Amino acid sequence: MDNVTHALAGLVFADVALAAVQRRHEPRPTTGFRSRAIWLGVIAAELPDADLLYSGPVVGMGKLGYMLHHRGHTHTIVFALLSAALLWWLFTRGLPKALRSERRALAGVAVAGTLSHLLLDFTNSYGVHPFWPLDNRWYYGDAVFIIEPWLWIAMIPPLLFGPRTRWGRVLLTLLLLLILVAAWTLGEVRPPVALVLTVVAALWTMTQWRLTHRTPSRAPFTSTPAWFAVAALVMAEAAFFASSARARHAVRSAVNDATIQDIVLTPGAANPLCFAGFVIAGDSTIRVSTATVAPWPTWRTAAACQRARDNGQLPIADAVPSTRVSTDAVAWRADWSRSRGTLALLAGQHCEVAAALRFMRVPVWEARDDGTLRLADARFGIGSGGFADITVDTKKIACPLPANAWIPPWTPPTASP
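Residues numbered from 1 in each chain as written. Predicted model: local features only at pLDDT ≥ 70, side-chain atom pairs only at ≥ 80, totals over all residues. Heavy atoms only, no water.

**Re the pairing of strand 2 (residues 271-281)**
Applied cut-off: Burial classification: accessible surface area is computed with a 1.4 Å probe over protein chains only, and a residue below 20% of its type maximum counts as buried, one above 50% as exposed, and the rest as partly exposed. Secondary structure follows DSSP: runs of H or I at least 4 residues long count as helices, runs of E at least 2 residues long count as strands, and numbering of each begins at the N terminus. DSSP bridges decide pairing: two strands pair if at least two such bridges lie between them.
For strand 2, the tally of buried residues reaches 9 of 11 residues, placing the bulk of the element in the interior. The pairing of strand 1 (residues 260-268) with strand 2 spans 8 bridges and is antiparallel. When the sheet's bridge partners are listed, isoleucine 263 is paired in strand 2 with valine 279. Between strand 2 and strand 3 (residues 285-293), which pair antiparallel and follow one another directly, the connecting turn spans 3 residues, one of which, glycine 282, has a positive phi of 110°.

Structure follows, in structure tokens:
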């Protein structure tokens, strides 16, 4: 997920901690507890992305360094718990041991913050491998867009009426306006969906204002709407996961192919009614099929989703219109296929290919006239110069990676040989 979503989640956990301390009927929190909780929540929720400091050129592997090390070891339960313990120790220094409720509350913020990062990143199609070193596999939620407006809207209005400073409220208000303006202007969200987002954001904000002002506060920070943010966040995630499950079932029913290896799903931004999908199938051949999927076709068909936004094309050599039969739930777009043996041969001869396949979930490739080969992960576009495509010099067998290159042990996704 984006870093704003992670930071908002950290703020929510901090507000919950403040409410928990007050419910203990203990004296007013010590001076600085509120700021400790807030800073701890935000830092803990962002800390797993510390791998960005070394996952790029720092490891001397170019794009491969980012693919293999971002969402790598710092996105594991081991790191989450150890870093939470370290942060808790740092943020409780100088806090009297007699204030047990405050120390416990800060421990909860630290653990919830780091683990929430893993959970939120799991929800999309990029994936995480949280159980390293016991399990090196990737796990994918395939349910939530990478920057999901509904998550911002779920959390920001309750946070606005929590224990904020004036500048904190100004910043949160600007973030709420930013996501709504982006929904209307960037083209990722269709106008009808942007209208629903705007109306719900206004109603949710008004609801929080009325609830906050009707609840008498027995002491500073006693009345906090943070639990409303938690409930709204869970409901939004549940809606997307329910749609993803139906979309996956619709694809399996439409394909009816025993050789299916993977189904990759990504919803439209703010729209759980329309998904873009990849199907990877085949035994000796890798066949990649793209589709637009409507998990609730009685509300919106796949054809309507497809008209709303042109997705599902494969801008790569030898991609052809799909021969699969479309339904109201699944509109097939394009097919691309290659010999699986060719991919295995490439991986055996070129170390950069073998390394890339530890990340690539939908690998597609094409040969160029200059003797090079372009290998890309179709999840993130093809040939656009993005982070998930590499160029391989097929005339050279020597490994171009540094001798001390650290290739993590991630298990290649199912599409790989």
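Still more ground to cover, so stick around.
**Things to note about the sheet that holds strand 4 (residues 320-321)**
Overall, antiparallel pairing links the 5 strands, which are arranged 1-2-3-5-4 in an open sheet. Sheet topology places strand 1 and strand 4 at the edges, where each strand pairs with a single neighbour. As paired strands, strand 4 and strand 5 (residues 330-339) are joined by 2 bridges and run antiparallel to one another. Bridge assignment links valine 320 to a residue of strand 5, and that residue is aspartate 335.

**Some words on unusual backbone geometry**
Of the consecutive residues tryptophan 132 and proline 133, the connecting peptide bond is found in the cis state with omega at 10°. Along the chain, proline 133 falls in the loop between helix 5 (100-122) and helix 6 (149-160). Phi angles above zero are rare outside glycine, and arginine 71 is one such case at about 55°. Locating arginine 71 in the fold gives a position in the loop between helix 3 (63-69) and helix 4 (77-91). Phi is positive for aspartate 142, which is not a glycine, with a value near 55°. Structurally, aspartate 142 can be placed in the loop between helix 5 and helix 6. Residue class for aspartate 142 comes out buried when judged on its relative accessible area of 0%.

**Side note on the pattern of salt bridges**
Pairing is possible between side chains of opposite charge, provided their charged atoms come close. What counts here: By definition, a salt bridge exists where a carboxyl oxygen of Asp or Glu is found within 4 Å of a side-chain nitrogen of Lys or Arg.
Taken as a whole, this structure holds 12 salt bridges when the rule is applied. Close ionic contact of arginine 361 with aspartate 142 constitutes a salt bridge, the shortest N to O distance being 2.9 Å. Pair noted here: arginine 361 is in the loop between helix 12 (351-356) and strand 6 (363-367) and aspartate 142 is in the loop between helix 5 and helix 6, with a separation of 219 residues, a long-range link. The residues arginine 361 and aspartate 142 share a single accessibility class, namely buried. A salt bridge links aspartate 377 to arginine 379, with the shortest nitrogen-to-oxygen separation between them at 2.6 Å. By relative accessible area, which is 0% here, aspartate 377 ends up buried. One connected set of salt bridges, linked through shared partners, spans Asp142, Arg248, Asp262 and Arg361.

**Some remarks on the state of the cysteines**
For clarity, the cut-off: Cysteine sulfur atoms that come within 2.5 Å of each other are treated as a disulfide pair.
Taken as a whole, this structure holds 2 disulfides when the rule is applied. The disulfide partner of cysteine 351 is cysteine 399, and the S-S distance across this bridge is 1.8 Å. Given an S-S torsion of about 85°, the disulfide between cysteine 351 and cysteine 399 has right-handed geometry. Here cysteine 399 lies in the segment after strand 8 (389-393) and cysteine 351 lies in helix 12, a separation of 48 residues in the sequence. Taking relative accessible area as the criterion, cysteine 399 reaches 44% and is therefore assigned partly exposed. Numbered by order of appearance in the sequence, the disulfide-linked cysteines of the protein pair as 1-2, 3-4.

**Notes on the side chain of histidine 350**
Just so we agree on the cut-off: N or O atoms within 3.5 Å of each other form a polar contact, as long as, within protein, one can give a hydrogen and the other can take it, and as long as residues adjacent in sequence are counted only when both atoms are side-chain atoms. Here, residues are in contact when the closest pair of their heavy atoms is within 4.5 Å.
Inspection of the secondary structure assignment puts histidine 350 in the loop between helix 11 (340-349) and helix 12. Residue classification places histidine 350 among the buried residues on the basis of a relative accessible area of 2%. Polar side-chain contacts of histidine 350 include one of 3.4 Å to the backbone oxygen of lysine 396. Those residues in contact with histidine 350 that lie beyond four places of it in its chain are Val392, Asp393, Thr394, Lys396 and Ile397.

**Things to note about helix 7 (residues 166-185)**
What counts, and what does not: What a helix should span is 1.5 Å times the count of its residues minus one. What the arc describes is the spread of directions from the helix axis to the C-beta atoms.
Here helix 7 is 20 residues long and its end C-alpha atoms lie 28 Å apart, about the 28 Å a rise of 1.5 Å per residue gives. The complete set of buried residues in helix 7 reads Gly168, Leu172, Leu175, Leu176, Ile179, Leu180 and Ala183. Within helix 7, the buried residues cover an arc of 125° as seen down the axis, which keeps them to one side. In helix 7, those exposed residues whose orientation departs by more than 90 degrees from the buried face are Arg166, Trp167, Leu171, Leu174 and Thr185.

**Observations concerning the side chain of aspartate 262**
Note that aspartate 262 resides in strand 1. Residue aspartate 262 is classed as buried on the basis of its relative accessible area, which comes to 12%. Side-chain polar atoms of aspartate 262 contact the side chain of arginine 361, separated by 2.7 Å. Sequence-distant contacts of aspartate 262, defined by excluding residues within four places in its chain, comprise Phe278, Val279, Ile280, Arg361 and Thr414.

**A look at the packing of aromatic side chains**
Selection rule: What counts as a ring pair is set by centres within 6.5 Å for rings of Phe, Tyr and Trp (its six-membered ring), and what kind of pair is set by the plane angle: stacked under 30 degrees, edge-to-face over 60, tilted for all other angles.
As enumerated under the stated definition, the model contains 14 aromatic pairs in all. A centroid spacing of 6.4 Å and a plane angle of 10° characterise the contact between tryptophan 138 and tyrosine 140, whose relative ring orientation is stacked. You can call tyrosine 140 buried: its relative accessible area is 18%. Aromatic side chains phenylalanine 380 and phenylalanine 387 sit 5.0 Å apart centroid to centroid with 45° between the ring planes, which places their arrangement in the tilted category.

**Thoughts on the confidence of the model for the protein**
We count it as follows: Across the chain, each position has a pLDDT score giving the predictor's confidence in that residue, from 0 to 100.
In this model, the protein carries a mean pLDDT of 89, and residues with pLDDT of at least 70 account for 92%. Least confident of the elements in the protein is helix 10 (residues 302-308), whose mean pLDDT is 83; most confident is helix 4, at 97.

**Observations concerning the environment of alanine 239**
Inspection of the secondary structure assignment puts alanine 239 in helix 9 (residues 226-255). Separated by 206 residues in the primary sequence, alanine 239 and phenylalanine 33 place their C-alpha atoms 35 Å from one another.

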